[in-house]
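For reference, the chains in residue letters:
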Amino acid sequence: MSTALIIKRRLKVFAISLVFIVLILVATFVIFNNNDFSQDVLVNNKNLRVKFENGKKGIQFGEYPMSFQQGISSSPANTFKIVNKSDFSTEYQVIVSSKSESLGIDINKIVVAINDEEVKLMSDVVNGIIYSGRLDGKKEDILNLKFWLDSEQASQDDMIKSLKLSVDIKEK
């Protein structure tokens, strides 16, 4: 065998291997890009898949403080897409809690609007459960949650404080 023939065969094997590796990398990229791995999926269990539609912005608040009517009209929406993956109906709960330190705004002074219809003061909810819903099999629901500081309960000290909220959507 000549040296030129050996080099030619090795280059051929190298080129085929390189093309194969590139194809595997491209296929992996496409699979991960088209699935929920790269998106803001909060829950992905047996029955429910919950996706936060606002991207990586986190929970957004309205300008402080506002009345109920101002909050509904001008607070930014936090959109959650809830999909029931099972064939059976599934009940779920939306739970809001504070992630702030003890020096943050009292969560009981926060108002939440659900789909611009149901408005609740956090002090009126039990165990942080602001909404309960039921999804039929293979159906989806969109929840728009708006948060703002109640103008009637806000103090001057609240204007310099911050608040970080956590929204959990769990199966009942």
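The preceding data block contains the structure.
Just so it is clear, the model here is predicted, and its values are computed rather than measured. (Residues numbered from 1 in each chain as written. Predicted model: local features only at pLDDT ≥ 70, side-chain atom pairs only at ≥ 80, totals over all residues. Heavy atoms only, no water.)

**Q** Just to check I follow, could you spell out the overall build of the protein chain for this structure?
**A** Summing up its helical and strand segments, the protein chain has two helices and nine strands in all. Overall, the protein chain shows an N-to-C arrangement of helices and strands of α-β-β-α-β-β-β-β-β-β-β. Relative to the 2.2 N^0.38 estimate, which gives 16 Å for 172 residues, the radius of gyration of the protein chain is 25 Å and therefore markedly larger than a compact globule would have. The long-range fraction of contacts in the protein chain, counting pairs at least 24 apart against all pairs at least 6 apart in sequence, stands at 77%. With an accessible surface of roughly 11000 Å², the protein chain has 54% of that area assigned to carbon and sulfur atoms. Of the side-chain charges in the protein chain, 22 are positive and 21 negative, and the distance between the mean point of each set is 17 Å. (Helix = DSSP H or I, 4+ residues; strand = E, 2+ residues; numbered from the N terminus. Rg over C-alpha atoms; globule rule 2.2 N^0.38 Å. Contact = heavy atoms within 4.5 Å. Areas by Shrake-Rupley, 256 points an atom, 1.4 Å probe, with all protein chains shown as cover. Lys, Arg positive; Asp, Glu negative; His and termini not counted. Charge placed at Lys NZ, Arg CZ, Asp CG, Glu CD.)

**Q** What is the right way to look at the pattern of salt bridges in this model?
**A** Side chains that carry opposite charge are capable of pairing whenever their charged atoms lie near each other. Considering all chains together, one arrives at seven salt bridges under this definition. Here Glu 91 and Arg 134 are joined by a salt bridge, their closest N and O atoms 2.5 Å apart. Placement of Glu 91 in strand β4 (residues 90-98) and of Arg 134 in strand β7 (residues 129-135) is noted, with a sequence separation of 43 residues between them. Through salt bridges that share partners, Glu 91, Arg 134 and Lys 172 make up one connected network. (Salt bridge = Lys/Arg side-chain N within 4 Å of Asp/Glu carboxyl O.)

**Q** Looking at this structure, I do not really get the side chain of Gln 93. What am I missing?
**A** Mapped onto the secondary structure, Gln 93 falls in strand β4. Relative accessible area serves as the criterion here: at 18%, Gln 93 is assigned to the buried category. Contacts of Gln 93, omitting those with residues within four sequence positions, involve Ile 129, Tyr 131, Ser 132, Asp 168, Ile 169, Lys 170 and Lys 172. (Buried < 20%, exposed > 50% of the residue type's maximum accessible area, 1.4 Å probe, protein only.)

**Q** Help me understand the packing of aromatic side chains, please; the structure alone is not making it clear to me.
**A** Ring pairs (aromatic) are described by centroid distance and by the angle formed between their planes. On inspection of all chains with the given rule, the structure shows three aromatic pairs. Geometrically, the ring pair formed by Tyr 92 and Tyr 131 is tilted, given 6.2 Å between the ring centres and 45° between the ring planes. A residue pair is termed long-range when its members are at least 10 positions apart, and Tyr 92 in strand β4 and Tyr 131 in strand β7 qualify at 39 residues. Looking at Tyr 92, the relative accessible area reads 0%, which means it is buried. (Phe/Tyr/Trp six-rings, centres within 6.5 Å; stacked < 30°, edge-to-face > 60°.)

**Q** Any chance you could explain the sheet that holds β7 here in plain terms?
**A** In a beta sheet, neighbouring strands pair by backbone hydrogen bonds and run either parallel or antiparallel. If you walk across this open sheet you meet the three strands as β7-β4-β9, and the pairing is antiparallel. Each edge of the open sheet is held by one strand with a lone partner, namely β7 and β9 (165-171). Shown here is a sheet whose adjacent strand axes are inclined to one another by a mean of 20°, direction ignored. Direction of pairing for β4 relative to β9: antiparallel, over a ladder of seven bridges. Bridge assignment links Ile 95 to a residue of β9, and that residue is Asp 168. (Pairing = 2+ DSSP bridges. Axes fitted to C-alpha atoms, helices over the stretch in contact; angles between N-to-C directions.)

**Q** Help me understand the pairing of strand β8 (residues 140-149), please; the structure alone is not making it clear to me.
**A** For a regular strand, side chains alternate in direction, first toward one face of the sheet and then toward the other. Sheet topology note: the strand β3 (residues 78-84)/β8 ladder contains six bridges and is antiparallel. The partner of Val 83 across the bridge, within β8, is Glu 140. Bridging between strand β5 (residues 110-114) and β8 involves five bridges; their strand directions are antiparallel. If you follow Val 111 over to β8, its bridge partner there is Trp 148.

**Q** Can you help me understand the pairing of strand β6 (residues 118-121) in this one?
**A** Here β5 runs beside β6; their pairing, made up of four bridges, is antiparallel. The partner of Ile 114 across the bridge, within β6, is Glu 118. Counted along the chain from β5 to the antiparallel partner β6, the turn is three residues long, and its residue Asn 115 has a positive phi close to 55°.

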